[in-house]
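Each chain, letter by letter, is given below.
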Amino acid sequence: QLANIGVIGMAVMGSNLARNLAHHGHRVAVFNRTTARTDEMIAAHGSEGDFRPAAELAQFVASLERPRRIIIMVKAGGPTDATIDALIPLLEPGDIVVDGGNAFFEDTRRREQKLRGAGLHFVGAGISGGEVGALEGPSIMPGGSAESYEALGPILESISAQVDGEPCCTYIGTDGAGHFVKMVHNGIEYADMQFIGEAYELLKGLGLSHTEMADVFATWNTGDLDSYLIEITSEVLRKVDAATGRPLVEVIVDAAGMKGTGTWTVQSALNLGTPVSAIAEAVFARAISSSPDLRAASQAALAGPSGAIAVDDRAAFIDQIRQALWASKVVAYAQGLDEIRMGAAEYGWDINVGEVAKIWRGGCIIRAKLLERIRSEYAAGSLTTLLEAPSVAKELANSQDAWRAVVAAAVTAGVPVPGFSSALAHYDQARAPRLNAALTQGLRDYFGAHTYRRVDKEGTFHTNWSTDGAEVQED
Ligand code: 6PG
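Along each chain, the written sequence defines residue order, and numbers are assigned to residues from 1. With the structure being a predicted model, the display of local features is reserved for residues of pLDDT at least 70 and the display and counting of side-chain atom pairs for 80 or more, all residues being used for whole-chain, interface and lining totals. The side-chain figures draw on all heavy atoms in the structure; neither hydrogens nor water molecules are used.

### Some details on the overall build of the chain
As a reminder, the rule being used: Secondary structure elements follow DSSP: runs of H or I no shorter than four residues count as helices, runs of E no shorter than two count as strands, and numbering proceeds from the N terminus. This radius of gyration counts C-alpha atoms alone. The globule rule is 2.2 Å times how many residues there are, raised to the power 0.38. Any pair of residues with heavy atoms lying within 4.5 Å of one another is described as a contacting pair. The Shrake-Rupley method, run with a 1.4 Å probe sphere, supplies the accessible areas, and residue values consider only the shown protein chains as cover. Charge convention: Lys and Arg are scored as positive, Asp and Glu as negative, and His as well as the terminal groups of each chain are ignored. Charged groups are reduced to one reference atom each: NZ for lysine, CZ for arginine, CG for aspartic acid, CD for glutamic acid.
Looking only at helices and strands, the chain features 20 helices and eleven strands. For the chain, the C-alpha radius of gyration of 25 Å lies close to 23 Å, the compact-globule estimate for 475 residues. Its C-alpha atoms give the chain principal-axis dimensions of roughly 80 × 70 × 50 Å. Long-range contacts, defined as pairs at least 24 residues apart, comprise 66% of the intrachain contacts of the chain with a sequence gap of at least 6. Summing over all exposed atoms, the chain offers an accessible surface of approximately 21500 Å²; the carbon and sulfur share of this is 53%. When the 40 positive and 58 negative side-chain charges of the chain are each reduced to one mean point, those points stand 2 Å apart.

### As for the environment of Gly245
Test applied: Relative accessible area decides the class of each residue, using a 1.4 Å probe on protein chains only: under 20% of the type maximum gives buried, over 50% gives exposed, and in between gives partly exposed.
Take Gly245: it is sitting in the loop between helix H10 (228-238) and helix H11 (248-251). Its relative accessible area of 51% is what places Gly245 among the exposed residues. In this structure the C-alpha to C-alpha distance between Gly245 and Pro142, which are 103 residues apart in sequence, comes to 45 Å.

### Some points on the site of the ligand
So the rule is basically this: It suffices for a single heavy atom of a residue to lie within 4 Å of a molecule or strand for the residue to be listed as near it. Under the rule applied, a polar contact is a pair of N or O atoms within 3.5 Å (in protein, one hydrogen donor and one hydrogen acceptor; residues adjacent in sequence only if both atoms are side-chain atoms). Residues were grouped as follows: Ala, Val, Leu, Ile, Met, Phe, Trp, Tyr, Cys and Pro as nonpolar; Asp, Glu, Lys and Arg as charged; and all remaining residues, including Gly, as polar.
Near the ligand lie 15 residues; those nearest to it are Asn102, Ser128, Glu189, Tyr190 and Lys259. Gly130 is positioned such that a nitrogen or oxygen atom in its backbone is 3.1 Å from an oxygen atom of the ligand. Take Tyr190: an N or O atom from its side chain is 2.4 Å from an oxygen atom of the ligand. For the ligand, the protein covers 80% of the area, taking 410 Å² as the surface of the free molecule. Ranked by residue count, the leading element in the shell around the ligand is helix H8 (residues 177-205), at five residues. Grouping the constituent residues of the shell around the ligand by class yields three nonpolar, eight polar and four charged.

### Comments concerning the nonpolar core
Taken as a class, soluble globular proteins show a tendency for nonpolar side chains to be buried jointly. The condition is simple: Within this scheme, the nonpolar core is defined by two criteria: the residues are buried Ala, Val, Leu, Ile, Met, Phe, Trp, Tyr or Cys, and they are joined through side-chain atoms within 4.5 Å.
In this structure, Leu203, Trp220, Ile340, Trp360, Leu386, Trp403 and Phe420 are the most contacted members of the largest nonpolar core, which totals 89 residues. Among the elements that line this core, the one with the most residues is helix H15 (residues 314-347), at 16 residues. When residues no more than four places from it in sequence are discounted, the contact partners of Leu203 are Leu208, Met213, Val216, Phe217, Trp220, Ile318 and Ile321. Formed by 27 residues, the second largest nonpolar core is a distinct cluster that contains Ala18, Ile96, Ile127 and Ile159.

### Quick look at the packing of aromatic side chains
Aromatic rings considered in pairs are described by the distance between their centres and by the relative angle of their planes. Rules: Centres within 6.5 Å are what make two rings of Phe, Tyr or Trp a pair, Trp counting through its six-membered ring; a difference in plane orientation under 30 degrees is then read as stacked, over 60 as edge-to-face, and the rest as tilted.
On inspection of all chains with the given rule, the structure shows 15 aromatic pairs. Relative to Phe105, the ring of Phe104 has its centre 5.0 Å away and its plane inclined at 65 degrees; by these criteria the two rings are edge-to-face. With centroids separated by 5.6 Å and ring planes inclined at 45 degrees, the aromatic side chains of Tyr149 and Tyr171 adopt a geometry described as tilted. Of this pair, Tyr149 sits in helix H7 (residues 146-159) while Tyr171 sits in the loop between strand E9 (166-167) and H8, and the two are 22 residues apart along the sequence. On the accessibility criterion, Tyr149 (14% relative accessible area) is buried. Relative accessible area serves as the criterion here: at 27%, Tyr171 is assigned to the partly exposed category. Taken together, the aromatic side chains of Phe104, Phe105, Phe180, Trp264, Tyr347 and Trp349 make up a single cluster linked through ring pairs.

### Focus on unusual backbone geometry
With omega at -5 degrees, the peptide bond leading from Arg66 into Pro67 counts as cis. With respect to the secondary-structure elements, Pro67 resides in the loop between helix H3 (57-62) and strand E4 (69-72). Residue Asp164 is not a glycine yet carries a positive backbone phi of 50 degrees. By the element assignment, Asp164 lies in the loop between strand E8 (162-163) and E9. Even without a glycine there, the phi angle at Ala449 is positive, about 50 degrees. Among the secondary structure elements, Ala449 is positioned in the loop between helix H20 (437-448) and strand E10 (461-463).

### Comments concerning helix H5 (residues 105-117)
Put simply, the rule is: Multiplying 1.5 Å by the helix residue count minus one yields the expected span of that helix. Of all possible arcs, the one meant is that of the directions from the helix axis to the C-beta atoms.
Taking 1.5 Å per residue as the helical rise, H5 with its 13 residues ought to reach 18 Å, and the 18 Å between its terminal C-alpha atoms agrees with that figure. Phe105, Thr108, Arg111, Glu112 and Leu115 are the residues of H5 that are buried. Looking down the long axis of H5, one finds its buried residues gathered within 115 degrees of arc, a one-sided arrangement. With respect to the buried face of H5, the exposed residues turned more than 90 degrees away are Gln113 and Gly117. Contacts made by the buried residues of H5 are with helix H4 (78-87), strand E5 (96-99), strand E6 (121-128), H8, helix H12 (261-272) and H15.

### Overview of the UniProt feature "domain: 6-phosphogluconate dehydrogenase C-terminal" (unreviewed entry) in the chain
Applicable threshold: UniProt positions are given in the numbering used here, feature names are shortened, and annotations may be inferred rather than shown by experiment.
UniProt annotation of "domain: 6-phosphogluconate dehydrogenase C-terminal" (unreviewed entry) refers to residues 178-466 when read in the numbering used here. The span residues 178-466 is 66% helical and 1% strand by assignment, and the distance between its end C-alpha atoms comes to 52 Å.

### Overview of the sheet that holds strand E7 (residues 139-143)
Put simply, the rule reads: Note: two strands are recorded as paired if DSSP finds a minimum of 2 bridges between them. Axes, fitted as lines to C-alpha atoms, cover a helix only where it is in contact. Angles between the N-to-C directions of the axes lie from 0 to 180 degrees.
Pairing in this open sheet of seven strands is mixed, and the strands run E3-E2-E1-E4-E5-E6-E7 from one edge to the other. Single-partner strands in this sheet number two, and they are strand E3 (51-54) and E7. Taking the axes of each pair of neighbouring strands and ignoring which way they run, one obtains an average angle of 25 degrees across the sheet. As judged from the five bridges shared by E6 and E7, these two strands associate in the antiparallel manner. When the bridges of E7 are listed, Ile127 appears paired with Ile140. Packing against the sheet, H5 makes contact with E5 and E6, and its axis sits at approximately 150 degrees to E6.

Right, dumping it as structure tokens:
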């Protein structure tokens, strides 16, 4: 009997995905460029299911039933292209090649077009959940032809996380849609972590110990903020460094790394003209943390308060931080979903935003209680933005006083809260009946004759600022 599906790339993500497939009864062909890796995987896990290791790519391809389903789990970029190029001559029309890495969606669009030309299906599948997710059930966001999903979907749905009996995997849309949605997922992931970091700084400013902070996050995880990232924040804060006896986070260098998916989210949003300011602040917060020269020079030169926060009622302020965190989180999710809506319009994808929220409820890094509410709000009616959803708008209205108080206190105390404050600014901008953009237009017209429109009549206008001051209609 031939294998049902194949996995190329036996690093941790690939081998865990192959094991997950085998655990669900699929016959799995496995291949790695260096055969020793495949041998190690089979030696350690071969007894867990029906694996078909291959030493040669041609042997791997020949071991698969048709249409062949092949998941590539190699490094994004050059290695992915090299693997695809090696595969193409070995495949036959109708075969399906899946890229399960964190590829940039424009690369996925390019690859899909190339493989389509050869009669092959190319599926860019976002897979979230890290190493454990790959093994125990990730959230999977596949893009590509609808036809390819018929052959591939049932297998992917069988290995994904399940919530309320429903798989955290659904067909997203054509070509790069799956990787686009995964990219936005990661942007939201950056924002979520930045907000958590800001809450942590504020709790520290109040003088809480790390154990107390861990308890606060654990408590928050029992309410509206219930999420994987809040849960593990509590665990990370509670961890004591064996060598020094200090909280581990206190001995970790405060320079955040990144592989760049958050940056792509913001770059793509800039191209689309969709505001993802809170996500952008999260990317820039990592950038400033990893700018040692800028920080050293500024630390030596700049004055300001120490970050200590004095309040009369500590418990009440902690609850206000919780509300600020929740409200900011909602804004970041709204911005990310807005980007998906805009991206879908630009690239011709028919993406169901409610379904995206549904498959993010389990398996992925941003899984959170909030996503069930988002799913049901999108199911209840069409939304331009999440912020207008009745239950969301109501709770934001209830939280906004606390949110403003926290941002004000942070600014006064010198605690940087770029995420909270930018999310709040987005909230205020989005609801404002008038924005300062009218003045911007006036200035643009003054120095560059860029023209403006009027609120009271149709047309495009210009004022002769430097001559007679008269307004002329341009068209
Ligand atoms: C996931 C994660 C995963 C990975 C990112 C993080 O959904 O499982 O998002 O894709 O952790 O690569 O990226 P950074 O290194 O940029 O933080």
